[in-house]
Amino acid sequence: MTEQALEAAAAHAARFLRGLAERPVAASAGADELRARLGGPLPDGPSDPAEVVAQLAKLADEGLVASAGPRYFGFVVGGSLPAALAADWLAAAWDQNAGLFVLGPAAATVEDVAAGWLLDLLGLPPGATTGFVTGGLGANFSGLAAARNAVLAGAGWDVERDGLAGGPPVEVVVGAERHVTIDIALRYLGLGSGRLRVVPADGQGRMDAAALPGVLAGCQGPTIVCAQAGNVNTGAFDPLPAIIAAAHANGAWVHVDGAFGLWAAASPALRHLVAGVEQADSVATDAHKWLNVPYDSGLVFVARPEAHLAAFAKVAAYFVPGQGAERDPDGFTPEASRRARGFPVWAALRSLGRSGVAELVERCCGHARRFAEALGAADGVEVLNEVVLNQVLVRFPDPGGDHDGRTREVIRRVQAGGTLWLGGTTWHGMAAMRISLSNWSTTDDDVDRSVTAILAAARGVG
C-alpha cells in the first residue's frame, strides 16, 4: 500500500509542477468552499491510502497558491529547487528525527556539513555554530535566546536556571524599520516588545548609525543591539560596520536579522552590502527564501558557541549524547524532535555550488531592476525605493488625490487577475505595492508579462 500511495503522490505532484508556470497564481476557492470539500464527518473506517492521496490532490487543488511558481512576488517567498524538493521527499520517506545523532546519524552529519558550507559561502566565522530551525522568526528567536544568555551571564545571572524575575533588566536596541519577527521573538523570550530603545531610520529604512551611540549611552546593564540586513520593504541594509563597532564598544551583543538579505554575501557583486556581518554575534536567515528549499528552513548562526549551547542544550537520563565528532543538533535549536531539514539544504547547495547561488541571487536582483525600470518609465507609476537588492516598492498616484485608494485597487486587481501575485504594504504612511523577487524559476519573460498585467490593472482603475 505504501508504494501505491507514493506513486499516486508522485504522479499528482508531477502534474502540479508541470502546470505550475501557467496556472492562475492565486487560489480560486475560498474557505467555505474548501471546508465543504475537505470537511464532513470523520470516516468510520479506514480507506485505501492511494485513494486518499488522490482525493486530497483533487479536493485541495483550487485552494493552492502557485507560490512556488515563477510569478509569485509576495512576502519574499522563494520556490523549491528540483534537487531540494526531491531531497525533501527523501527526508519525509526516511523519517529521521534530527534531534540526537543516535536518532539519525546521516541527518546530523548532513547538517554539520551543510553548516560548514553555509559559513564559508556567507563569509561567517568558521567556528560559529548553526541551528536549523523553522523560519525567520525561529532564527531570530534562537539568536536572541543565545544573546539573552550571554549578556545576562556577563552580568552574573544564569537565566536558564533562575529565569528573568529578579535578574538585571536587559536593554534591547532596535532600528525603527526592523521586521516584526524581532518584536515577536522578544515577546517569546520574556524581554518584551514595549521596552525597546528605538533608533531612527532614514528614508530607505536603514538604522541611523550616528544616533546609535547616544541611545547606547542611555542603556544600563546587559544590552542587545538588533540590526537588519535587508529591509522587508525596500531591501536596504543597515550600516553594519558602524553599528557593530558602536555596540561592541559598549559591551553589547549584536544580532543581525538577514532573513533574505544575508544571501547577498554569496555574490561577489553584492557582498559589499553586508560588509561587517562577520563581526556580529548572531545572524538569522531563511533558506526557504533565497536558497529556494521547501518550507520550513530557517537558519541561525552564532559566533559564541557556548551561549548557543547554554540556551538550548537538553539533558535527560534517557538521552544518548553524541561522542567525539558526533554532533547532536538539538543543542542548537528550540526543538528536540524535528524534521531533518538539513537534507534539502545540503541538496540545494550541492546542486548549485558557489557560483550557482551567486548567479541565483544576482539574477533575482536583475529582475527587480527590470521591474523598477519598466514600471518607473510608465505614466502614473512611482517607484518609491532605491532598488539595491530584490525589493521594489510602487505607488500609483491618483489624479483626484486618493493615492492610497488607487494603489490598493491596483493591487486588488492584480491579485484577482491571476497572472501574478504580489502584496501591499504601508511605507512611511503611504499605501504601496511590494514586489519581491526570490524564485529560481522566474525569467525575464515572467517579469515582462507581469509588468504588462500591472499596467493593465492600473489603466482599469478610473
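For the structure itself, look to the data block above.
Residues numbered from 1 in each chain as written. Predicted model: local features only at pLDDT ≥ 70, side-chain atom pairs only at ≥ 80, totals over all residues. Heavy atoms only, no water.

Focus: the pattern of salt bridges
Stated formally: Salt bridges are defined as contacts in which a side-chain nitrogen from Lys or Arg sits within 4 Å of a carboxyl oxygen from Asp or Glu. Burial classes follow relative accessibility: with a 1.4 Å probe on protein chains only, a residue under 20% of its type's maximum area counts as buried, one over 50% as exposed, and anything between as partly exposed.
Overall, the coordinates contain 25 salt bridges when judged by the stated rule. We note a salt bridge from Asp183 to Arg178, for which the minimum N-O separation is 2.7 Å. Relative accessible area serves as the criterion here: at 27%, Arg178 is assigned to the partly exposed category. Linked through salt bridges whose partners overlap, the residues forming this network are Glu111, Asp112, Arg327 and Arg338.

Digging into the packing of helix α14 (residues 403–417) against helix α15 (residues 444–459)
Put simply, the rule is: Interaxial angle, 0 to 180 degrees, is taken between N-to-C directions of lines fitted to C-alpha atoms, where a helix line uses only the stretch in contact. Runs of E in the DSSP output that reach at least two residues are strands. Runs of H or I that reach at least four are helices, and both are numbered from the N terminus. Angle categories are assigned with fixed cut-offs, so that under 35 degrees is roughly parallel, over 145 is roughly antiparallel, 65 to 115 is roughly perpendicular, and the rest are oblique. By convention the crossing between two helices is left-handed if the near helix lies anticlockwise of the far one by an angle smaller than a right angle, and right-handed if it lies clockwise. Contacts between residues were defined by any pair of non-hydrogen atoms, one from each residue, lying within 4.5 Å. For this scheme, ten residues count as nonpolar: Ala, Val, Leu, Ile, Met, Phe, Trp, Tyr, Cys and Pro. Four count as charged, namely Asp, Glu, Lys and Arg, and the remainder, Gly too, count as polar.
It is the contact of α14 with α15, at a shortest axis distance of 9 Å, that shows an interaxial angle of 130°. Of the possible angle classes, the one that applies to α14 and α15 is oblique. The element α14 and its partner α15 pack so that their crossing is right-handed. Mapping the contact onto sequence places Arg406, Val410, Arg413 and Val414 in α14 and Ala453, Ile454, Ala457 and Ala458 in α15. Grouping the constituent residues of the contact of α14 with α15 by class yields 6 nonpolar, no polar and 2 charged.

Details of the sheet that holds strand β7 (residues 298–302)
The criterion, for reference: Any two strands between which DSSP finds at least two bridges are classified as paired.
The strand order across the open sheet formed by 7 strands is β1-β7-β6-β5-β4-β2-β3, and the pairing between neighbours is mixed. The open sheet is flanked by β1 (129–133) and β3 (197–199), the only strands paired with a single partner. Ignoring which end each strand starts from, the neighbouring axes of this sheet average 20° apart. For strand β2 (residues 171–175) and β3, the ladder comprises 3 bridges, and the chain directions are parallel. When the sheet's bridge partners are listed, Val174 is paired in β3 with Val198. Relative to the sheet, helix α6 (residues 136–154) contacts β1, β4 (223–228), β5 (253–257), β6 (282–286) and β7, its axis offset from that of β5 by approximately 180°.

Concerning the nonpolar core
Stated formally: Only buried residues count toward a nonpolar core. Its members are Ala, Val, Leu, Ile, Met, Phe, Trp, Tyr and Cys residues joined through side-chain atoms within 4.5 Å.
Membership of the largest hydrophobic core comes to 84 residues, with the highest contact counts inside it found for Trp263, Phe371, Met433, Ile435 and Ile454. Examining the composition of this core, we find that 12 residues originate from one element, helix α13 (residues 342–376), more than from any other. By size, the runner-up hydrophobic cluster in this structure holds 29 residues, among which are Val174, Ala185, Val302 and Ala307.

Some remarks on the packing of aromatic side chains
To describe a pair of aromatic rings, one takes the distance between the centres and the angle between the planes. Where we set the bar: Here the aromatic set is Phe, Tyr and Trp, taking the six-membered ring for Trp, and pairing holds for ring centres within 6.5 Å; pairs whose planes are under 30 degrees apart are stacked, those over 60 apart are edge-to-face, and all others are tilted.
Within this structure, the stated rule accounts for 8 aromatic pairs. Consider the rings of Tyr72 and Trp421, whose centres lie 5.4 Å apart with planes at 5°: the pair is stacked. On the criterion of sequence distance, the pair formed by Tyr72 in the loop between α3 (49–60) and α4 (82–94) and Trp421 in the loop between α14 and β10 (423–427) is long-range, its members being 349 residues apart. You can call Trp421 buried: its relative accessible area is 17%. Ring geometry for Trp117 versus Trp346: centroids 5.9 Å apart, planes at 25°, classification stacked. Of this pair, Trp117 sits in helix α5 (residues 105–121) while Trp346 sits in helix α13, and the two are 229 residues apart along the sequence.

Some words on the sheet that holds strand β11 (residues 430–436)
Read across the open sheet, the 4 strands follow the order β8-β9-β11-β10; overall the sheet is antiparallel. This sheet does not close on itself; its edge strands, each paired only once, are β8 (382–383) and β10. Each of β9 (391–395), β10 and β11 is contacted by α14, which is oriented at about 30° to β11, the strand it contacts most.

Side note on the packing of α6 against helix α12 (residues 305–312)
Here α6 crosses α12 at 105°, and the two axes come no closer than 8 Å. Put simply, α6 runs roughly perpendicular to α12. Residues Phe141, Ser142, Ala145, Ala146, Asn149 and Ala150 of α6 touch α12, and the partners they reach there are Ala307, His308, Ala310, Ala311 and Phe312. Tallied by class, residues from the contact of α6 with α12 come to 8 nonpolar, 3 polar and no charged.

Points about the pairing of β7
For β7, the tally of buried residues reaches 5 of 5 residues, placing the bulk of the element in the interior. Judged by which residues are buried, β7 turns out to be covered on both faces: Gly298, Val300 and Val302 on one side and Leu299 and Phe301 on the other are all buried. Bridging between β1 and β7 involves 5 bridges; their strand directions are antiparallel. From the neighbouring strand, Val133 faces β7, where its bridge partner is Gly298. Bridging between β6 and β7 involves 5 bridges; their strand directions are antiparallel. Each bridged residue has a counterpart across the sheet, and for Ala284 the counterpart in β7 is Val300.

Structural notes on helix α8 (residues 180–188)
Along α8, the residues that are buried comprise Thr181, Ile182, Asp183, Ile184, Ala185 and Leu186. Looking at the buried residues of α8, the elements they touch are α6, β2, β4 and β5. Taken from the residues just after α8, Gly190 is the one with a positive phi, measuring 80°.

Let's talk about unusual backbone geometry
Here the residue pair Tyr295 and Asp296 is connected by a cis peptide bond, since its omega of -5° sits within 30 degrees of zero. In this fold, Asp296 is placed in the loop between α11 (287–290) and β7. Notably, Asp95 is not glycine yet its phi reads approximately 55°, a positive angle. Residue position: Asp95 is located in the loop between α4 and α5. For Asp95, a relative accessible area of 62% puts it in the exposed group. Residue Asn292 is not a glycine yet carries a positive backbone phi of 60°. With respect to the helices, strands and loops of the structure, Asn292 is situated in the loop between α11 and β7. Here Asn292 falls in the buried class, since its relative accessible area comes to 0%.

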